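Inside the fold
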Amino acid sequence: MVEIIDTHSHLYGEEFLEDIEAVIQRCKDVGVSQILLPNIDLESVDKMHVLCEAYPDICLPMMGLHPCSVDANYKETLNVLYDNFQRRDYCGIGEIGMDLFWDVTTQDWQEDAFLTQIEWAIEKNLGVSIHSRNATQRVIELLKPYKGKLTGVFHCFTESLELAQEIIKLDFYLGIGGVSTFKKAGVVSVIQELGLERLVLETDSPYLAPTPFRGKRNESSYTAIIGKFIADSLVVSLDKVAEVTTLNARHIYKINEPKAKVTV
Ligand SMILES: [Zn+2]
């Protein structure tokens, strides 16, 4: 049985309220042993914690403020989010980063919030899950001074080989999700050039479901579809993809193997 980690999923969203048990069971059925949950904003924190308490061996929370949720109150919001570290452990800082697709007017705030949370990651010795849209070159520039001090994932990576190589030089990894399976997705050639060494699997559920579920609700069990797609693109086995990406995820987020072996 392969063992897969979904390194980026929002299974605590209301899209899953009705059938979360079945969703988790389908994960177990295909070998998804752990699901990492990046936070979004103040509102998502409790929902995320509730899910992690219901499935503590499978669901692991991260703490962070999404760049699209950075507004005029971001400093206060960051203080409230940071208080959560007093109460529980997190496997990473996320999701953090920059999004200049939806809003360029908040760029300065986004950069400041990002750097504050990079400091959290260094202080807590945690990996980061980075959201970067229309901003990857800038995010890379912001990370350069921290080279050697932290690692993490550029989640939902869909960019060029050149940017991928810059990211790897910073000792970061590429999160490969459903977008890679879309027709005409250029990231396949990047994967073929780079190989498995720097990849992790993710879904970003409920968004960005892979082919053949494109446009529908995404769920963490689909990491197996993404893994199989990568395996076929590289002409290796799914076992190999699962093995390398799972080891990478454990390294980045310093997570142990689940206490209970997953049983089908
Ligand atoms: Zn996300």
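The notes below deal with the structure included here. In this text the structure is predicted, and so the values were computed from the model without any measurement.

The next thing to look at is unusual backbone geometry. The omega torsion of the bond from Ser-205 to Pro-206 falls at 5 degrees, within 30 degrees of zero and hence cis. Here Thr-211 and Pro-212 are connected by a cis peptide whose omega angle stands at 10 degrees. The residue Pro-212 is located in the loop between strand 8 (199–201) and helix 8 (223–234) in this model. Look at Val-235: it is not a glycine, yet its phi comes out positive at around 55 degrees. With respect to the secondary-structure elements, Val-235 resides in the loop between helix 8 and helix 9 (238–253).

In this section: the environment of Arg-198. On the secondary structure map, Arg-198 appears in the loop between helix 7 (187–194) and strand 8. Given a relative accessible area of 18%, Arg-198 falls into the buried group. Residues Arg-198 and Thr-245 lie 47 residues apart in sequence; the distance between their C-alpha atoms is 7.9 Å. One polar contact links Arg-198 to Asp-171, side chain to side chain, over a distance of 3.0 Å.

Grouped together as the largest cluster of nonpolar side chains are 69 residues, with contacts concentrated most on Leu-11, Leu-37, Val-128, Ile-130, Leu-143, Phe-172 and Ile-230. Those residues in contact with Ile-130 that sit more than four places away from it in its chain are Ile-96, Gly-97, Phe-114, Val-139, Leu-143, Val-153, Phe-154, His-155 and Phe-172. Judged by nonpolar contacts, the second largest core, of 12 residues, contains Met-62, Cys-91, Val-153 and Tyr-253.

With respect to topology, eight strands assemble into an open sheet ordered 1-2-3-4-5-6-7-8, the strand pairing being parallel. Among the strands making up the open sheet, the edge pair consists of strand 1 (4–6) and strand 8. Going across the sheet, the axis of each strand differs from the next one's by a mean of 30 degrees, ignoring polarity.

Structurally, Gly-152 can be placed in strand 6 (residues 152–154). Judged by its relative accessible area of 0%, Gly-152 is buried. Each C-alpha atom, one on Gly-152 and one on Gly-175, is 9.5 Å from the other, the two residues being 23 residues apart in sequence. Gly-152 has contacts with Val-128, Asp-171, Phe-172, Tyr-173 and Ile-252, leaving out every residue within four places of it along the chain.

About the criteria used
Residues numbered from 1 in each chain as written. Predicted model: local features only at pLDDT ≥ 70, side-chain atom pairs only at ≥ 80, totals over all residues. Heavy atoms only, no water. Helix = DSSP H or I, 4+ residues; strand = E, 2+ residues; numbered from the N terminus. Buried < 20%, exposed > 50% of the residue type's maximum accessible area, 1.4 Å probe, protein only. Polar contact = N/O pair within 3.5 Å; in protein donor to acceptor, adjacent residues only side chain to side chain. Core = buried A, V, L, I, M, F, W, Y, C linked by side-chain atoms within 4.5 Å. Contact = heavy atoms within 4.5 Å. Pairing = 2+ DSSP bridges. Axes fitted to C-alpha atoms, helices over the stretch in contact; angles between N-to-C directions.

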